[in-house]
Amino acid sequence: MDSMELEREKGITIQSAATFCDWKRTEDGKEETYHFNLIDTPGHIDFTIEVERALRVLDGAVMILCAVSGVQSQTTTVDRQMKRYNVPRISFINKMDRMGADPWKAIEQINAKLKMPAAAIQIPIGAEDEFEGVVDLIEMKALYFEGPRGTKVRVSDQVPGGLLDLAAEKRQLLIEKLADVDEDIAEIFLDEKEPTKAQLKAAIRRATIARAFSPVLMGSALADKAVQPMLDAVCDYLPNPSQVDNTALDRSRGEQPVKLVPYNSLPFVGLAFKLEENNFGQLTYIRVYQGTLSKGSYLYNSRTDKKVRVPRIVRMHSNEMEDVSEVGAGEICAVFGVDCASGDTFTDGGLPYTMSSMFVPDAVMSLSISPKRTADGDHFSKAMNRFQREDPTFRVHVDPESEETIISGMGELHLEVYVERLRREYKTDCVTGQPRVAYRETISRRADFDYLLKRQTGGPGDFARVGGWIEPNEKPEENSYESQVVGGHIPDKFLTACAKGFDLACEKGPLLGHRVIGTRMVVNDGATHVTDSSDYAFSLATQMAFRKAFSDAGGQVLEPLMKTTITAPNEFQGNILMLMNKRNATIHDTDIGGEDFTLVCDCSLNAMFGFSSQLRAATQGKGEFSMEFSHYSPAPPHLQKELVAKYQAELESKRTK
């Protein structure tokens, strides 16, 4: 399913890929055909939006675990997403042929760590390199997978002798787990009777659809062993579209929830959940919840109220396409030529419905980026627009102060992949770096000034004298200017120029060239010249006076402090406190819950670069954090000296050019 060149190189999934297949199986002597719409999602936390939008439109999921590692950090994230969208799941323990495979540890972790009642409905025959097949605990039959690619399934009524006791024990455990979550089985269990195979299957289906239980299967995808029973389990235990409550919001009745029914004859309702660019233009993936989507028909976008025509419908098989003339309810398809955003609802125009979109997590990491060659500017902006449309977690903005283009995303790998895609798909090499921090400058005490500007050029010169003082302002985030000139020493027409001069001086501070805040300027004296005084002269004199008095007033650099909220399992509390102490963070609050703890602190933005990777390393990937601006505070003296020296060196290099 991984069709992108980058995915094959790195050996990971980056984009979710959709496909479809038919699965034939024999039930009660009859051959039944089941139709699957399948989406393969990435496992890495940086591409979490791909999982998010796939789960938003799917009716059931197969949660894949590693037989050696069990529940990993990303399993916990995916578990949270499945619970957010109420998606029932079956669990499949993969890599049973690997050394150290222990399915029972994985099942225990599903119960303990994910708080999801789960029990095996199979036990393995052999383990590691001797893994041959599984014993079905419901039917009490042994299944062996033979022939090339394990396609030949040999069913034996004879359970291997050494496994009889284990099979009986695990079957009893399955019944006990079901008794906890299903009333019918609980009654049979309390009456000390044995449930029939049909009762067991029905109970597992009920409990799975109610999201109260997850049946666990095991096998090896690489060795093609025990994959068929997993597909059977999808048919047996996961819901079909009619058994899932999908709701829309009726805008004509104050967004009241309305149940959608997956009948082809009803009016059309669909959700665009993913956008992709390819050689033929924008490809929009749509999940059809109700009604039929036909080629050439018109759709209404409920967000923009625009009418769009569907010129072409395709069914996707990874990056290959199959043209179809129409798709029915419950299907996933892709359409060309429809301009929309991710999460838009489409109807046939007769229904005032809209659907809730997907949850988009906040970005955790930013980089400054610019194309190496100015000639690549067009390609660069095209790519940025496309990537933002495709991926809601990828954000681009231009910093108004530094005028740098800043890209933000879910982590280092996420942004690295986009920089690499720029190079490959758009032939644009880029330079990336840490974004410039928006520092501020201020003063700490009062300082008087009396400045005379006297310049004589060929024509009329410049003459202006201003006197007064600067002092810290009462409101630390704002600046204020006041004129206390009496006796007309400075005429009114020049006083406004003094105010403008103060504003200009505050725009670009003397220390770093960043904005000045928390300063009050009072002008109380001055002098003019009959011909040489002008607005310009007084504006310039005020700026010069301000710059001169700034160092006497104890000018200092302020850095932005971010209110940082960190959530992680309790066992990592020590690691996180150590991480934050290294960053000189001020800890305000620690809230310890049953499983997780939340820490709230103020930390300088400068110290938070690269924090997401370190947090993941310190918490085995289980920690999460969010940041928002809190306030400005004086930077440490050593950092102030460093920043001022760097700024002076930059100015010097500009002068010598």
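For the structure itself, look to the data block above.
Bear in mind the structure is a predicted one, so any value in this text is a computation, not a measurement.

What counts, and at which threshold
Residues numbered from 1 in each chain as written. Predicted model: local features only at pLDDT ≥ 70, side-chain atom pairs only at ≥ 80, totals over all residues. Heavy atoms only, no water. Phe/Tyr/Trp six-rings, centres within 6.5 Å; stacked < 30°, edge-to-face > 60°. Buried < 20%, exposed > 50% of the residue type's maximum accessible area, 1.4 Å probe, protein only. Helix = DSSP H or I, 4+ residues; strand = E, 2+ residues; numbered from the N terminus. Lys NZ or Arg CZ within 6 Å of the ring centre and 35° of its normal. Axes fitted to C-alpha atoms, helices over the stretch in contact; angles between N-to-C directions. Parallel < 35°, antiparallel > 145°, perpendicular 65-115°, else oblique. Left-handed = near helix turned anticlockwise from the far one by under 90°. Contact = heavy atoms within 4.5 Å. Nonpolar A, V, L, I, M, F, W, Y, C, P; charged D, E, K, R; others polar.

**With respect to the packing of aromatic side chains**
- On inspection of all chains with the given rule, the structure shows 10 aromatic pairs.
- Aromatic side chains Phe-387 and Phe-394 sit 6.1 Å apart centroid to centroid with 85 degrees between the ring planes, which places their arrangement in the edge-to-face category. The exposure classification of Phe-387 matches that of Phe-394, with both residues buried.
- Relative to Tyr-418, the ring of Phe-387 has its centre 4.8 Å away and its plane inclined at 50 degrees; by these criteria the two rings are tilted. Here Tyr-418 lies in helix 10 (residues 412-425) and Phe-387 lies in helix 9 (residues 377-390), a separation of 31 residues in the sequence. For the residue pair Phe-387 and Tyr-418, the accessibility class agrees, reading buried in each case.
- Ring-pair connections join several aromatic residues into one group, and the members of that group are Phe-387, Phe-394, Tyr-418 and Tyr-426.
- For Lys-170, the ring lying beneath its charged end belongs to Trp-104, and the centroid distance is 4.1 Å.

**Section: unusual backbone geometry**
- With a phi close to 60 degrees, Arg-211 is a non-glycine residue in the positive phi region.
- Within the secondary structure, Arg-211 sits in the loop between helix 7 (197-209) and strand 10 (214-218).
- A positive phi angle, close to 55 degrees, is found at Asp-224, a residue other than glycine.
- Relative to the elements of secondary structure, Asp-224 occurs in the loop between strand 10 and helix 8 (227-237).

**Let's talk about the packing of helix 2 (residues 48-57) against helix 3 (residues 73-84)**
- Where helix 2 meets helix 3, the closest approach of the two axes is 9 Å, and the angle between their N-to-C directions is 30 degrees. Classified by the angle between their axes, helix 2 and helix 3 sit roughly parallel to one another. Viewed along their axes, helix 2 and helix 3 form a crossing whose handedness is right-handed. Judged by residue contacts, Thr-48, Val-51, Glu-52 and Leu-55 of helix 2 engage Thr-77, Val-78, Gln-81, Met-82 and Arg-84 from helix 3.
- Grouping the amino acids of the contact of helix 2 with helix 3 by side-chain chemistry returns four nonpolar, three polar and two charged.

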